[in-house]
Amino acid sequence: MQASGRQGLGGQPPIWHVSQAELDELRARLRAVRWPMRWPVEPWAAGTDPDELERLVAYWADGYDWRHWEAVINALPSQYAEIGGTQLHYLRFDADASGAIPILLTNGWPSTFFEMVELAQRLATPERFGDVGEPAFTVIVPSLPGFTFSSQRPTLPADVATHELWHRLMSDELGFDRYVAHGGDLGAGTTSRLAAAHPEALLGVHLMAIGAPLEIDESSLTGEEQGYLSRIAEWNRAEGGYMHQQSTRPLSLAYGLSDSPTGLLAWILDKYRAWSDSGGLLSNSFTDDFLLTQASLYWFTNTIGTSFRPYYEYGRGVTRGLESVPVPTAVSLFPADISQPPRSWAERTHHVVRYEHLPRGGHFAPVETPGLLAGDIRRFVSSLSP
C-alpha cells in the first residue's frame, strides 16, 4: 500500500492507493487457500467456524469492493506527525463549534483507527446524528505505533513510550494545553499511563477497562475483587491463548498471518465474535464490509505482526502496572466486554468520579454502540470542571 505523497500539518493529506497488482495478489491468495481438514466439533468450539470463514473469504475475493472503502478511508481527515522517530498517523475531526474541548481516542487490539470513526464523528458533529444541543468536541484519533498507517517504533524497548507520543502529539504538535482522553483494551492502558505521566494536561479520562495495580496486597482484596480476579483467571485459561502467544512468541505467529489473508481473517474474526455483544452471530454486531475493511487494512499495510508488539512488551515487563492516576476518571463497562472490574478495583489506581454499567455492547463498543458510548463520554466531560 503506497501513498501518493505525505505532507505535513496544514497540507493536503496523502492519498493511499493499493496497486492493482497488490489487489490481484490478495484475491489470488484467497481463491487458492488450502483449507485445513475439518474437525468433528460444534461451530466456533475450537476456533473460527469454517463455514463462516469460507463465506467471508469468498466474498473478500469476489464481492467485497476495496476501492469503495479505499475512497472512504482517503476521505477521512488524516494527518501525519513525526515524533520521536515514529511517523504517527492520526485523524482530526474538528468540532462544529468554537472553543471545543479536545478529546483523544485510542483503540485496542485487533482494532484500528477505522473502528473509532463514527464515535469521533458523533462527538465532533452531534447535530449530524440528531443530537441537537449536545456539546461538540475536537476529536483526535491516532493510529497506535505499528498499527496500519503509523510506523513501528525504531527501538525495542522504545525510546519514547506510546503515551509520551500521544502527549507530544496533543501538546507540541497540535497545541492543546488540556484535553480529555478515552480508551478501551490496550487503549485504556495507554490512556491511564498518559494521565499518570501528565496529570496537568488531562481534564479527565474515560475508560472501558482497568489494568492491574503495580502491586496487590491480597489480604486487602474484597470478596467482590476476589471474584473478579477469579473470573479473569478462568477467562485467561479458557480464552487467553492468543494473548500468551502474542506475549511470548509473536513472530512465530506473524509469519503465517502475514503470508495468509485467510489466516489473518480467521485470527481476528474469532475475537470480534467472542468479545462483542453479538450473541454468537457476527452479523448482529458487524457488517461483512466492516470486518473485511479491518482485515484489509492490516493486510495491505502488513502490520498484523507489529500490532502484537504491545503484548510482547508487557510480557517482557517493558510495560508494567500502574501506581496512581490522579485525574478524574470515568469507568464505563459494557456487558459483553472481557472484564467487568468492580469500582473498588478501579479505585485502587484511579480517581474514579463516575462508574457506569451500560445496557448493551461489548469490547468493540465504538462500532457496536457508538451512540451509547458518545453519550456516556459527553455526560462525563460535562461533569468536569474546566
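It should be noted that the structure appears before, not after, this text.
Procedures and definitions
Residue positions within a chain follow its written sequence, with the count starting from 1. Two thresholds apply to this predicted model, a pLDDT of at least 70 for residue-level local features and 80 or more for giving and counting side-chain atom pairs, whereas whole-chain, interface and lining totals are computed over all residues. Hydrogens and water molecules were not included; the side-chain quantities draw on all heavy atoms of the structure. In this text, helices come from DSSP runs of H or I with a minimum length of four residues, and strands from runs of E with a minimum of two, each type numbered from the N-terminal end. Radius of gyration: over C-alpha atoms. The globule rule applied is 2.2 Å multiplied by the number of residues raised to the 0.38 power. In this description, contact between two residues means that some pair of their heavy atoms is separated by no more than 4.5 Å. Computed with the Shrake-Rupley method and a 1.4 Å probe, the accessible areas treat only the protein chains shown as cover for residues. Note that His is not counted, nor are the chain ends; the positive residues are Lys and Arg, and the negative ones are Asp and Glu. Taken as the charge centre is NZ of Lys, CZ of Arg, CG of Asp or CD of Glu, depending on the residue. Two strands form a pair only when DSSP identifies at least two bridges running between them. Inter-axis angles, ranging from 0 to 180 degrees, are taken between N-to-C directions of lines fitted to C-alpha atoms, where helices are fitted over the stretch in contact. The working definition used for a salt bridge is a side-chain nitrogen of Lys or Arg within 4 Å of a carboxyl oxygen of Asp or Glu. Partly exposed describes any residue whose relative accessible area lies between the buried limit of under 20% and the exposed limit of over 50%, with all areas from a 1.4 Å probe on protein chains only and scaled to the type maximum. For this analysis, a nonpolar core means a set of buried residues of the types Ala, Val, Leu, Ile, Met, Phe, Trp, Tyr and Cys, connected via side-chain atoms within 4.5 Å.

### Quick word on the overall build of the protein chain
Scanning the protein chain from terminus to terminus reveals 15 helices and 10 strands. For 386 residues, the compact-globule estimate of 2.2 N^0.38 gives 21 Å, and the C-alpha radius of gyration of the protein chain, at 20 Å, lies within 12% of that figure. In terms of overall dimensions, the protein chain has C-alpha extents of about 55 × 55 × 45 Å along its principal axes. Pairs at least 24 residues apart make up 75% of the contacts formed inside the protein chain by residues separated by at least 6 positions. Counting every atom, the protein chain has about 16700 Å² of accessible surface; 49% of that belongs to carbon and sulfur. Computed over 29 positive and 45 negative side-chain charges, the separation of the two mean positions in the protein chain equals 2 Å.

### Quick word on the sheet that holds strand β6 (residues 138-142)
Sheet strands pair by backbone hydrogen bonding; their relative direction is either parallel or antiparallel. Overall, mixed pairing links the 8 strands, which are arranged β3-β4-β6-β5-β7-β8-β9-β10 in an open sheet. The open sheet has two free edges, formed respectively by β3 (78-83) and β10 (350-357), since each of these has just one partner strand. The average angle at which neighbouring strand axes cross in this sheet is 25°, direction not considered. Two strands pair when backbone bridges link them, and strand β7 (residues 179-183) and strand β8 (residues 202-207) are joined in this way by 5 bridges, in the parallel orientation. Within the sheet, the bridge partner assigned to Gly183 lies in β8 and is Leu207. Helix α15 (residues 370-383) rests against β5 (102-106), β7, β8, β9 (325-333) and β10 of the sheet, and its axis sits at about 150° to β8.

### Observations concerning the pattern of salt bridges
Under the counting rule described, the total for this entry stands at 19 salt bridges. The residue Arg378 makes a salt bridge to Asp131 at a minimum N-O spacing of 3.2 Å. Of this pair, Arg378 sits in helix α15 while Asp131 is found in the loop between α4 (117-124) and β6, placing the two residues 247 residues apart along the sequence. The class of Asp131 is partly exposed, set by a relative accessible area of 23%. With its nearest N and O atoms 2.9 Å apart, the salt bridge here joins Glu225 to Arg348. Within this pair, whereas Glu225 is found in helix α7 (residues 223-239), its partner Arg348 is found in the loop between α13 (343-347) and β10, the two being separated by 123 residues in sequence. Of the residues examined, Glu225 reaches a relative accessible area of 1% and is grouped as buried. Residues joined by salt bridges that share partners form a network here, namely Glu25, Arg29 and Asp259.

### Let's talk about the side chain of Ser278
Secondary-structure assignment places Ser278 in the loop between α10 (261-274) and α11 (288-301). Beyond its immediate stretch of four places on either side in the chain, Ser278 contacts Arg273, Asn284 and Ser285.

### Notes on the nonpolar core
Residues Leu105, Trp109, Phe113, Val139, Val141, Leu202 and Leu265 are the most contacted members of the largest nonpolar core, which totals 110 residues. Here the element with the most residues in this core is α11; it accounts for 8 residues. Sequence-distant contacts of Phe113, that is, excluding residues within four places in its chain, are made with Ile73, Leu76, His89, Leu91, Asn107, Val141, Ser143, Thr148, Phe149 and Leu297.

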